[in-house]
Amino acid sequence: SKRYEITGIDISKSMVAEAKARCPRGTFYCQDMCDIDFEAEFDVVLCAFASINHLLQFEDWDAFFERVARALKPGGLFVFDMLSEVCLHNLLLNSPLLQKTSRLFSVTEFTRLDDNITKWHVKAFSIKSQPVPLFTVNVKQTAFDATRITKALSKHFAHIDTFDPEQGHVTSRSGLLYFACTKA
């Protein structure tokens, strides 16, 4: 971060603390992404790790796009990734999901709630200790059609590129999508 000024937000106090520890020169805020309202203008806004899928109503996605556009300098870039409806459906079909890292083992069970919302019930365990969860968390996510998202983005951005990191071009089977949007 020596060449860049970094500003970040997260709704989780512990994630903000982690960000401050890893990037002490950055400025970080604990707030909901729907509430961003910066005085400064940014060259780039990045919304990573499918964070946008946590916004459960499309109106919130549209409002977020508007706020991001306001926060960007002319010619600024907004990049985000999202899990598609197909991806969330496939997670439901393949539940539970088991993942292992060098320190953790996690079990995620997926269930469908009302209105196309998927609940993730995550239990994480330490590889080296007793089989008692280190933490358990419930997360809700949803997805919307890429065409609908692109239409909403076009109200705020002059150029929008969408791509699938696995196939290149977006298809009806795309699971993870990336959007790169340029402000006029």
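Residues numbered from 1 in each chain as written. Predicted model: local features only at pLDDT ≥ 70, side-chain atom pairs only at ≥ 80, totals over all residues. Heavy atoms only, no water.

## Overview of the sheet that holds strand β7 (residues 118–126)
Spatial ordering of the open sheet is given by β5-β6-β7-β8, a layout of 4 strands whose pairing is antiparallel. One side of each edge strand has no neighbouring strand; the edge strands of this open sheet are β5 (97–100) and β8 (135–141). On average, adjacent strands in this sheet sit at an angle of 20° to one another, irrespective of strand direction. With 7 bridges connecting them, β7 and β8 associate as antiparallel partners. Residue pairing in the sheet places V122 in a bridge with V137 of β8. (Pairing = 2+ DSSP bridges. Helix = DSSP H or I, 4+ residues; strand = E, 2+ residues; numbered from the N terminus. Axes fitted to C-alpha atoms, helices over the stretch in contact; angles between N-to-C directions.)

## Details of helix α2 (residues 58–71)
A rise of 1.5 Å per residue sets the reference length of α2, with its 14 residues, at 20 Å; its end C-alpha atoms lie 20 Å apart and thus fit the reference within 8%. Among all positions of α2, only F58, W61, D62, F64, F65, V68, A69 and A71 are buried. (Expected span 1.5 Å × (residues − 1). Buried < 20%, exposed > 50% of the residue type's maximum accessible area, 1.4 Å probe, protein only.)

## Re the packing of α2 against helix α4 (residues 146–153)
Running from N to C, α2 and α4 cross one another at 40°; their axes reach a closest spacing of 9 Å. For the pair α2 and α4, the sense of crossing is right-handed. Facing α2, whose interface residues are F58, W61, D62 and F65, α4 presents R148, I149, A152 and L153. A breakdown of the residues in the contact of α2 with α4 according to their chemical character gives 6 nonpolar, no polar and 2 charged. (Left-handed = near helix turned anticlockwise from the far one by under 90°. Contact = heavy atoms within 4.5 Å. Nonpolar A, V, L, I, M, F, W, Y, C, P; charged D, E, K, R; others polar.)

## Section: the pattern of salt bridges
Following the criterion strictly, the structure yields 5 salt bridges and no others. The partner of K155 in a salt bridge is D62, with the nearest N and O atoms 2.7 Å apart. With a gap of 93 residues between them, K155 in the loop between α4 and β9 (159–163) and D62 in helix α2 connect regions that are remote in the sequence. The exposure class of K155 is exposed, given its relative accessible area of 55%. Notably, a salt bridge pairs E66 with R70, separated by 3.6 Å at the nearest N-O pair. With E66 and R70 both in helix α2 and 4 residues apart, the pair spans about one turn of that helix. Note on E66: relative accessible area 38%, which makes it partly exposed. Linked through salt bridges whose partners overlap, the residues forming this network are D37, E66 and R70. (Salt bridge = Lys/Arg side-chain N within 4 Å of Asp/Glu carboxyl O.)

## Focus on the sheet that holds β9
Across the sheet, which stays open at both edges, the 4 strands sit in the order β3-β4-β10-β9 with mixed pairing between neighbours. This sheet does not close on itself; its edge strands, each paired only once, are β3 (42–47) and β9. Pairs of neighbouring strands in the sheet enclose a mean axial angle of 10°, with direction left out of account. Sheet topology note: the β3/strand β4 (residues 72–83) ladder contains 5 bridges and is parallel.

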